[in-house]
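# Notes for the structure review
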Amino acid sequence: MTSRRRLVPLAEIQQAYDWWTSLGHTAAGVDIRADGVTFIPPATQQVGSAFDAWKAKDQGRDRTAHSR
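Residues numbered from 1 in each chain as written. Predicted model: local features only at pLDDT ≥ 70, side-chain atom pairs only at ≥ 80, totals over all residues. Heavy atoms only, no water.

A separate point is the packing of aromatic side chains. Under the defined criterion, the tally for this structure stands at three aromatic pairs. With a centroid separation of 5.9 Å and 50° between ring planes, the pair formed by Y17 and F39 is classed as tilted. Remark: F39 occurs in strand β2 (residues 37-40) and Y17 occurs in helix α1 (residues 10-22); sequence separation between them is 22 residues. Ring centres of W19 and W20 lie 6.4 Å apart, and the angle between their planes is 55°; this geometry places the pair in the tilted category. For W19, a relative accessible area of 52% puts it in the exposed group. Classification of W20 as buried rests on a relative accessible area of 19%. One aromatic cluster is present, built from ring pairs that chain together Y17, W19, W20 and F39. (Phe/Tyr/Trp six-rings, centres within 6.5 Å; stacked < 30°, edge-to-face > 60°. Helix = DSSP H or I, 4+ residues; strand = E, 2+ residues; numbered from the N terminus. Buried < 20%, exposed > 50% of the residue type's maximum accessible area, 1.4 Å probe, protein only.)

Here it is in structure tokens:
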């Protein structure tokens, strides 16, 4: 028979969260496990796809190639 797994105590979670926010970070989520706490940072929002970003960067190059 296996022993019951216990999560990190609530006081330790609160202490870790207070420390995390005192550093100026924000958390979009929290993963609580038996061996520790992981704060999930907010996702960076990318507008459009990677192709859209490349196209916007390359906007001034819509001219045709030089002909002879």
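Quick look at α1 now. For α1, spanning 13 residues, the distance from its first C-alpha to its last is 18 Å, which sits close to the expected 18 Å at 1.5 Å a residue. G24 lies just past α1 and shows a positive phi near 95°. (Expected span 1.5 Å × (residues − 1).)

Let's shift gears to the confidence of the model for the protein. Averaged over all residues, the pLDDT of the protein equals 79, while 74% of them reach at least 70. Mean pLDDT in the protein bottoms out at helix α2 (residues 50-57), which sits at 78, and peaks at α1, which reaches 90. (pLDDT = per-residue confidence, 0-100.)

We now examine a nonpolar patch on the surface. A cluster of nonpolar side chains, namely L7, V30 and I32, defines an oily patch on the protein surface of about 260 Å² accessible area. Mapping V30 onto the fold places it in strand β1 (residues 29-32). V30 sits in the partly exposed class, given a relative accessible area of 42%. (Patch = residues over 30% accessible without salt bridge, like charges linked within 9 Å, V, L, I, M, F, W, Y side chains within 5 Å. Areas by Shrake-Rupley, 256 points an atom, 1.4 Å probe, with all protein chains shown as cover. Salt bridge = Lys/Arg side-chain N within 4 Å of Asp/Glu carboxyl O.)

Moving on, we get to the pairing of β1. Taken together, the four bridges between β1 and β2 define a ladder with antiparallel strand orientation. Of the residues in β2, the one forming a bridge with G29 is I40. Connecting β1 to the antiparallel partner β2 that follows it, the hairpin turn spans four residues. (Pairing = 2+ DSSP bridges.)

Here A43 is to be found in the loop between β2 and α2. In sequence terms A43 and A27 are 16 residues apart; their C-alpha atoms lie 9.8 Å from each other.

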